[in-house]
Amino acid sequence: MKQYFSLLLIFVLMGWSPHVFGANAKPLGSPDKPIRVALLIDKMDMFWTHFVRIMNVAANQLKMDVQVYHGHESHLAMIQKAEQLALSPDRPDVLMFKSFKGNGPQIMQMAARHQVKTFAVNASLELKPGEAAAWPHLIGELLPDDVQAGYELVKALRAEMRNKNIAHVHLIAINGDQADSPARLRAIGLRRAVSEFKDITLHQVIADAWTAPTAPEQFELLKKRYPMINAVWAGNDAIALRVVEKAKTMDYVLGQNLFIGGIDSSPEGLAAIKKREMVTSVGGHILDGARSLIVLYDYFKLGQFKEKLWMTPMVPVTLANVDAYRRIIDPQSSTPVDFTQYSKWLHPKASYDFNFLKD
Amino acid sequence: MKKISFRMFGSASPLSKKLALSIIIYSSIVAVFVTFIQLFYDYQRDIDDVNLTFENIEKSYHGITATALWHVDLEAVQKIYHGLEALPTIDHVKITFAEGPVTGKDPPQSAAIAVHTVNLYYQHDGQARYVGELTLGSDISRIYRNLGKKLLLILFAQGTKTFLMAIFMLFIFERLIMQHLRSIAAYARQMRIENNKVLPPSWTISNDVQGELKDVVQALNEMRLNIGRSYEELERAEHQLRVLNASLEEEVQKRIQENEKQQMLIQHSARLSSLGEMAGSIAHEINNPLTIIAGYIRIIRQHLKSEHLSPEKLESFGEKAENTVRRITAIISGLLRLSRVDPANGLLNYAINEILWDTASICREKFASRGIKFDVEIPSIHICTACRPAEIGQIALNLLNNAFDAVKNMPDPWIALTLDEQDGKAVVAVSDSGPGIPEAIRERIKEPFFTTKPYGQGTGLGLSISHAIASEHDGRLYLDEQSPHTRFVVELPVIACVTPIDRSS
């Protein structure tokens with residue numbers, strides 16, 4: 001089982017095949033100066049904190065320079081910051097960004113105007129087929145498979161409840177910011193799973209911000225509206241954890257008559273799984289920062305790839321595999337993953353066979 | 001030409017001040033009235049605005065609020081709450097989930113708070129699902145405050161306008177009217193009458209007097225001429241009136257004297273009438289003694305021829321004849337006393353007893369001839385009064401005559417004459433056994449010429465004259481309605497007798 005999970009995790013964490021690299025062997029970066037990457041995200045919440053932490057581990061190993069900026073949940077502030085970075089004399093080599101509320105094209109336009117390369121992570125640019133070619137400064141997109149995440153979360157909840165001999169799943173969903181494409185994609189996966197399983201009744205889908213400021217009150221109110229609910233689908237771990245805290249103050253026994261699951265596989269989410277307060281947390285994309293740096297490292301050494309889109313498979317972390325996963329992303333780990341071994345530039349024969357558990 | 005200087009406000013005429021004050025009061029009343037109408041209209045409009053705001057909010061916010069409640073979008077609920085709270089006419093907002101949670105507070109329970117509640121429904125799966133309610137409150141006292149400010153502003157503006165308008169009107173009034181009115185008044189005041197003619201002042205009124213004031217001046221001059229003419233006519237009429245008045249006074253005096261004479265004649269006539277009614281009995285009263293005297297004389301003659309004549313018998317017959325003559329003399333004396341005319345002025349101190357004795361003497365024979373019992377109760381002690389004796393006797397005679405007429409055809413007739421003194425008054429009463437005076441005519445018996453006697457038997461003046469005589473003697477004549485019989489009473493004031501006489505002998 002452990003071996004199987006290790007292989008699966010490698011697949012999830014890499015999510016691409018080796019042929020995506022090495023299409024263009026012309027090196028782009030300066031051999032003396034470190035590659036400077038600016039990460040521009042919407043906010044610095046629990047997920048992004050771990051995202052950046054693991055990313056910094058990879059940056060140190062790859063001798064890359066990473067600066068992180070966020071827009072305080074304002075897509076306009078992000079655009080403004082992108083312009084500042086592009087205009088700066090000390091501007092970065094790559095502007096890695098999350099497209100928030102559809103601001104991706106404007107950020108790319110801003111960066112292209114000042115000859116700054118761009119790389120999108122976490123949220124889709126929602127480009128039409130072939131449209132990526134129109135953005136020559138766009139190196140590519142590295143995205144979690146959010147539809148799959150939403151789907152897998154329903155499946156994991158249902159599986160756990162069936163184990164507890166609960167015949168019917170009365171589900172409510174509290175998603176993240178609907179203006180954000182991951183929330184919409186995760187909801188698609190949610191509805192696909194609900195339509196697939198007849199023993200699930202989805203009573204209502206509502207939305208909160210990703211930071212879950214009102215999730216407890218929302219849950220309490222939905223509980224009054226639908227007293228029969230026994231499962232909560234949360235758009236991310238932050239939402240799930242706040243629902244957990246609220247449910248603990250109510251007449252629920254978590255894991256017995258209420259089953260809560262989230263997305264992100266954040267350390268806090270994994271801790272809740274360990275405490276049996278959450279059933280699952282679907283994730284893998286928390287390593288996308290480190291993964292993106294390997295891609296960018298190889299890009300600057302080997303040149304432009306043929307493909308511009310890489311998808312991160314999303315897998316549910318449950319009580320069964322939570323310990324293995326925690327070891328990989330544990331911030332206190334004394335033996336962090338050596339991300340350099342997955343670089344085609346440093347290891348031309350590397351098969352990109354990422355197996356963190358082996359480290 | 002005399003110039004009337006224009007005087008400004010401080011020395012403005014009372015009429016000008018009254019005009020200015022009237023303008024201020026009237027304008028103020030109108031301003032206040034119009035202001036309150038406007039404020040009422042504004043109040044209605046503001047209330048309508050509040051209701052319209054409620055309706056607009058209901059239309060605009062129903063959908064998004066219901067959606068936010070359905071999707072439990074607490075952030076959106078907060079935004080809606082703050083958005084509504086920021087509206088100028090909305091003071092209280094409460095958004096309530098159907099499941100209980102509330103954002104905001106209930107509006108205070110006050111008449112000054114207009115509250116509007118909207119039930120929120122969300123269309124889900126083709127069904128309208130109740131998701132909560134939106135409660136809005138608007139503080140009406142804000143409208144009152146605004147109206148108060150507006151009221152002060154309007155009143156200030158209207159007051160200022162009214163004051164300025166009053167000053168302007170005062171100026172115009174003084175300039176166009178009052179100075180000319182003063183000229184006209186001075187002109188009228190200086191008109192005077194000399195030699196029965198009204199003379200105008202030596203100056204004329206300014207030629208710039210136009211319009212109605214010019215008419216007033218012309219009317220004043222016409223009035224001056226008319227007054228002159230009227231004055232002359234008045235003089236003539238006064239002279240004629242004085243002449244007429246003098247002749248009229250003379251005529252009135254003449255008539256009064258004639259009337260007094262007539263009154264005296266009427267009274268005397270009435271007395272003689274009463275005595276006339278007694279004339280038959282008087283004649284009989286005198287005739288009987290005369291027959292007695294004739295009998296004595298015949299006896300004396302017979303005795304003179306008789307040999308049995310004695311001086312004692314002659315003396316006896318003579319004495320009886322002499323007594324009978326004395327009796328006749330007394331009757332005639334009484335008759336003379338009753339029929340004489342009393343002096344017009346001055347009263348005599350006279351014993352009522354004497355008067356009543358005389359009257360009773362006259363009537364006695366008449367009553368006896370008809371079988372009427374005549375009771376006379378007159379005290380021997382004189383009771384005196386200040387009177388005209390013949391007039392008092394006339395009263396007694398009238399009452400006895402009336403009593404006679406009343407009882408003469410009655411069975412067992414009687415008449416009583418009494419004199420008494422009670423409480424300083426001489427009380428003369430004539431009672432009879434007659435049928436009495438019907439109540440219906442009691443009020444009329446004192447009227448002149450009223451009589452119940454057959455035509456030709458009474459003048460109708462007896463009681464009215466008797467009543468007048470009693471009043472003239474400070475006494476009174478009345479019908480004693482307490483008496484079981486017909487009883488007339490005469491009360492006269494008693495005075496001390498000058499020569500008391502005792503007739504008991």
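On a predicted model such as this, the values are computed, not experimentally measured, just so you know. (Residues numbered from 1 in each chain as written. Chains lettered and ligands numbered in written order. Predicted model: local features only at pLDDT ≥ 70, side-chain atom pairs only at ≥ 80, totals over all residues.)

**Observations concerning the overall build of chain A**
Consideration 1: What chain A contains, in helices and strands, is 11 helices and 12 strands.
Consideration 2: Within chain A, the fraction of its 359 residues that count as buried is 54%.
Consideration 3: Contacts in chain A between residues at least 24 apart in sequence constitute 77% of all its contacts with a sequence separation of at least 6. (Helix = DSSP H or I, 4+ residues; strand = E, 2+ residues; numbered from the N terminus. Buried ≥ 20, exposed ≤ 12 C-beta atoms within 10 Å, placed from the backbone. Contact = placed C-beta atoms within 7 Å.)

**So, the overall build of chain B**
Consideration 1: A tally of helices and strands in chain B yields nine helices and 13 strands.
Consideration 2: Split into buried and exposed, the 505 residues of chain B put 24% on the buried side.

**Things to note about the confidence of the model for chain A**
Residues and elements named next belong to chain A.
Consideration 1: Residues of chain A with pLDDT of at least 70 account for 87%, and the chain-wide mean is 86.
Consideration 2: When the elements of chain A are averaged for pLDDT, helix 1 (residues 2-14) gives the smallest value, 42, and strand 8 (residues 231-234) the largest, 98.
Consideration 3: Note that residues 1-27 has pLDDT below 50 and, in this model, 54 contacts with residues that lie over four places away or in other chains. (pLDDT = per-residue confidence, 0-100.)

**Focus on the environment of Ala 123 of chain A**
Consideration 1: Assignment of secondary structure puts Ala 123 of chain A in the loop between strand 4 (117-121) and strand 5 (138-144).
Consideration 2: Exposure remark for Ala 123 of chain A: the 25 C-beta atoms within 10 Å place this residue in the buried category.

**Thoughts on helix 5 (residues 146-163) of chain A**
All names here are of chain A.
Consideration 1: A rise of 1.5 Å per residue sets the reference length of helix 5, with its 18 residues, at 26 Å; its end C-alpha atoms lie 26 Å apart and thus fit the reference within 8%.
Consideration 2: Helix 5 sits mainly inside the fold: 14 of its 18 residues count as buried.
Consideration 3: Two residues or fewer past helix 5, Asn 165 is found with a positive phi of approximately 60°. (Expected span 1.5 Å × (residues − 1).)

**Some details on the sheet that holds strand 2 (residues 102-104) of chain B**
All names here are of chain B.
Consideration 1: On the basis of which strands lie adjacent, the open sheet formed by four strands has the order 2-1-4-3 and antiparallel pairing. In this open sheet, the two edge strands, each paired with only one partner strand, are strand 2 and strand 3 (113-124). Here the average twist between neighbouring strands, direction ignored, is 15°.
Consideration 2: The strands that helix 3 (residues 140-189) touches are strand 3 and strand 4 (127-139); relative to strand 4, the one it contacts most, it runs at about 35°. (Pairing = 2+ DSSP bridges. Axes fitted to C-alpha atoms, helices over the stretch in contact; angles between N-to-C directions.)

**Quick word on the interface of chain B and chain A**
Consideration 1: Tallying the contact residues gives nine residues for chain B and 10 residues for chain A.
Consideration 2: In terms of residue class, the side of chain B that touches chain A is made up of four nonpolar, two polar and three charged. (Nonpolar A, V, L, I, M, F, W, Y, C, P; charged D, E, K, R; others polar.)

**Side note on the sheet that holds strand 6 (residues 169-175) of chain A**
Residue and element names in this part refer to chain A.
Consideration 1: Taken in spatial order, the six strands line up as 7-6-8-9-10-12 in an open sheet, and their pairing is mixed. Each end of this open sheet is capped by a strand with a single partner; those strands are strand 7 (200-207) and strand 12 (315-317). Averaged over all adjacent pairs, the angle separating strand axes in this sheet is 20°, with direction ignored.
Consideration 2: With seven bridges connecting them, strand 6 and strand 7 associate as parallel partners. Bridge pairing in strand 7 links Ile 172 to Gln 204.

**Some remarks on the environment of Thr 452 of chain B**
Consideration 1: In this fold, Thr 452 of chain B is placed in the loop between strand 11 (425-432) and helix 9 (462-472).
Consideration 2: Counting along the chain gives 46 residues from Thr 452 of chain B to Ala 406 of chain B, while the straight-line C-alpha distance between them is 9.9 Å.

**Concerning the nonpolar core**
Consideration 1: Counting 140 residues, the largest nonpolar core has Ala 82, Val 243, Ile 260, Leu 293 and Leu 296 of chain A as the members making the most contacts within it.
Consideration 2: If near-sequence neighbours (up to four positions away) are discounted, Ala 82 of chain A is found in contact with Leu 40, Leu 95, Phe 97, Ile 107, Met 110 and Ala 111 of chain A.
Consideration 3: Core analysis: the next-biggest nonpolar cluster, separate from the first, contains 39 residues, Leu 356, Ile 378, Ala 403 and Leu 419 of chain B among them. (Core = buried A, V, L, I, M, F, W, Y, C linked by C-beta atoms within 7 Å.)

**What to know about helix 8 (residues 237-248) of chain A**
Residue and element names in this part refer to chain A.
Consideration 1: In a regular helix each residue adds 1.5 Å, so 12 residues correspond to 16 Å; helix 8 covers 16 Å between its end C-alpha atoms and thus fits that length.
Consideration 2: With nine of 12 residues buried, helix 8 is to be regarded as a mostly interior element.
Consideration 3: All of the buried residues in helix 8 are Asp 237, Ala 238, Ile 239, Ala 240, Leu 241, Arg 242, Val 243, Val 244 and Ala 247.

**Let's talk about unusual backbone geometry**
Residue and element names in this part refer to chain A.
Consideration 1: For Gln 115, which is not glycine, the phi dihedral falls at a positive 60°.
Consideration 2: Note that Gln 115 resides in the loop between helix 4 (104-113) and strand 4.
Consideration 3: For Glu 126, which is not glycine, the phi torsion reads 55° and is therefore positive.

**Some points on the pairing of strand 11 of chain B**
Residues and elements named next belong to chain B.
Consideration 1: In this sheet, strand 11 lies alongside strand 10 (residues 414-422) in antiparallel orientation, the contact comprising eight bridges. What sits directly across from Glu 421, in strand 11, is Ala 426.
Consideration 2: Connecting the antiparallel pair strand 10 and strand 11 is a turn made up of two residues, with Asp 423 showing a positive phi of about 50°.
Consideration 3: In this sheet, strand 13 (residues 486-493) lies alongside strand 11 in antiparallel orientation, the contact comprising eight bridges. Within strand 13, the residue paired with Ala 429 across the bridge is Val 489.

**Examining the packing of helix 7 (residues 215-225) of chain A against helix 8 of chain A**
Residues and elements named next belong to chain A.
Consideration 1: Two elements in contact, helix 7 and helix 8, have axes separated by 8 Å at closest approach and are oriented at 60°. Classified by the interaxial angle, the pair formed by helix 7 and helix 8 is oblique. In this structure, the crossing between helix 7 and helix 8 has a hand that is right-handed. Contact with helix 7, carried on its side by Ala 215, Pro 216, Phe 219 and Glu 220, involves Ile 239, Arg 242, Val 243, Glu 245, Lys 246 and Ala 247 of helix 8 and no other residues of that element. (Parallel < 35°, antiparallel > 145°, perpendicular 65-115°, else oblique. Left-handed = near helix turned anticlockwise from the far one by under 90°.)

**What to know about the packing of helix 1 (residues 14-70) of chain B against helix 3 of chain B**
Residue and element names in this part refer to chain B.
Consideration 1: Closest axis-to-axis distance for the helix 1/helix 3 pair is 8 Å, and the angle between their directions is 155°. Viewed along their axes, helix 1 and helix 3 adopt a mutual orientation that is roughly antiparallel. For the pair helix 1 and helix 3, the sense of crossing is right-handed.
Consideration 2: Here the contact of helix 1 with helix 3 is built from residues that sort into 20 nonpolar, six polar and four charged.

**Observations regarding the confidence of the model for chain B**
Residue and element names in this part refer to chain B.
Consideration 1: Mean pLDDT for chain B: 82, with 88% of residues reaching 70 or above.
Consideration 2: A low-confidence stretch, residues 1-7 stays under pLDDT 50, and its non-local contacts, those more than four residues away or across chains, total 12 contacts.
Consideration 3: Within the model, the stretch residues 500-505 combines pLDDT values under 50 with eight contacts to residues more than four positions away or in other chains.
Consideration 4: Reported for the predicted complex are a pTM of 0.55 and an ipTM of 0.74.

**Some remarks on the environment of Pro 34 of chain A**
Residues and elements named next belong to chain A.
Consideration 1: One can find Pro 34 in the loop between helix 1 and strand 1 (36-41).
Consideration 2: Residues Pro 34 and Lys 63, 29 residues apart in the sequence, show an inter-C-alpha distance of 6.1 Å.
Consideration 3: Dropping the residues within four chain positions of it, Pro 34 is found in contact with Lys 63, Met 64 and Asp 65.

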